[in-house]
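# Residue-level structural notes
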Amino acid sequence: MSQQKETYKLDDIDRKVISATQAGLPLTLHPYHDVAEQIGLKVEEVIARLQNMTDQGIIRRTGVVPNHYKLGFKSNGMSVWNVPDDKIKALGKKVGSLEFVSHCYQRPRFLPEWPYNLFAMVHGTSHEEVNEKVKKISELLAADDEGHQILFSSRILKKTGLRI
Amino acid sequence: MELHEHDRIIINQLQGGFPLCADPWHELENTLNIPAEEIISRIERMKTEGYLSRFGPMYHAEKMGGGLTLAAMKVDKSRYDEVTDIVNSFSEVAHNYEREHELNMWFVIATESPEQVQQVISEIEKKTDIRVYNMPKKQEFFLNLKFEV
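Throughout this description, residue numbers start from 1 for each chain and increase along the sequence as written. For this description, chains carry letters from A and ligands carry numbers from 1, given in the order in which they are written. Local features in this predicted model are restricted to residues whose pLDDT is 70 or higher, and side-chain atom pairs enter the listing and the counts only when it is 80 or higher, whereas totals over whole chains, interfaces and linings include all residues. To obtain the side-chain values, all non-hydrogen atoms of the structure were included, while hydrogens and water were left out.

Bringing the overall build of chain B into the picture now. Helix numbers and strand numbers start at the N terminus; a helix is a DSSP run of H or I with at least 4 residues, a strand a run of E with at least 2. In terms of helices and strands, chain B carries 5 helices and 6 strands. Ordered by position from the N terminus, the helices and strands of chain B form the series α-α-α-β-β-α-β-β-α-β-β. Only C-alpha atoms enter the radius of gyration, while the globule expectation follows 2.2 Å times N to the 0.38, with N the number of residues. Radius of gyration (C-alpha) of chain B: 20 Å, far over the 15 Å computed for a compact globule of 149 residues. For chain B, the residues scored as buried account for 54% of the 149 residues in total. A separation threshold of at least 6 residues defines the contact pool for chain B, and within that pool the share at least 24 residues apart is 63%. Calculation of accessible area relied on Shrake-Rupley with a 1.4 Å probe; when residues are assessed, cover is drawn exclusively from the protein chains displayed. Carbon and sulfur atoms make up 47% of the accessible area of chain B, which totals about 6,800 Å². Residue exposure (1.4 Å probe, protein chains only): buried if accessible area is under 20% of the type maximum, exposed if over 50%, otherwise partly exposed. Every residue pair with non-hydrogen atoms within 4.5 Å of one another is taken to be in contact.

The next point concerns the packing of helix α1 (residues 12–21) of chain A against helix α3 (residues 43–55) of chain A. Residues and elements named next belong to chain A. Every angle, taken between N-to-C directions, lies between 0 and 180 degrees, and every axis is a line fitted to C-alpha atoms, over only the stretch in contact when it is a helix. Where α1 meets α3, the closest approach of the two axes is 10 Å, and the angle between their N-to-C directions is 90°. Taken together, the axes of α1 and α3 are roughly perpendicular relative to one another. Here α1 contributes I13, D14, V17, I18 and T21 to the contact with α3, which in turn contributes E45, R49, L50 and M53. Counted by class, the contact of α1 with α3 contains 5 nonpolar, 1 polar and 3 charged residues. An angle counts as roughly parallel when it lies under 35 degrees, as roughly antiparallel when it exceeds 145, as roughly perpendicular when it falls between 65 and 115, and as oblique in every other case. Throughout, the ten residues Ala, Val, Leu, Ile, Met, Phe, Trp, Tyr, Cys and Pro are labelled nonpolar, Asp, Glu, Lys and Arg are labelled charged, and all others, Gly among them, are labelled polar.

On to the confidence of the model for chain A, then. On a scale of 0 to 100, pLDDT captures the predictor's confidence in every residue. Scored by pLDDT, chain A has a mean of 91; 93% of the residues are at 70 or more. In the predicted structure, residues 1–5 of chain A sits below a pLDDT of 50 and forms 9 contacts with residues beyond four places in sequence or in another chain.

If you want it as structure tokens, here you go:
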């Protein structure tokens, strides 16, 4: 995986900060102070660590994470596409930049039964809306759409935050 | 859905960029034009009511040196609940979704080290006697940071 070569080595203090914040920040007037107090560090140190991990890309972003489903986007379709491997970089960028696509990844095929190498997650208020959006992706890919499917989610079986 | 205009502002403008400084709310007060106490109580309420799944830093599992993959299985309807329990019993399984397809169970495996992903997959295969399709991402094109309400 291309992104793994830049893996940054976390030290014990980083790990402390991560364990204290991975479930979220406290909703208090001084959240970083409270985190610092909880793990016995100075607030400047906590802020510096979080800043460094943000610069390194270990923290993607800090803020609120909306729950699509609860906000009315009841339909979640994982669209999967068979596109030519030699064009996947350009095509992936095109599809990924559509405002209604939340994630876009290249994944391995399992031939012959699973020819799809490009995954794009599409959210909508209904299956029809997701179908419409997927149609737009198909039009965008034109002849490079060598087959696609939408896998709608029918049930959330488990949902937890990531742990390290 | 009962969202106040200020809730929408918070959702739309605070999906990233929460200030990293000693007094973050004070800074936000000026950018969002909402008093600090109100921002805090709105986030708290939206979390409790489920509009927000969390508030804080979002960590990037692979960059922390961990393993991450998307896995899928074809589970017979008659065994679906039993297999769900087995798969969900692994603490490394973070999300699990039922999807309408022959491959009808899709889950994310997150582990402390990349090697552990294969161990978890082998254990799930052994316990369920069902093949696990391992589909780690080979390339990430875009992760849309913004979701508008």
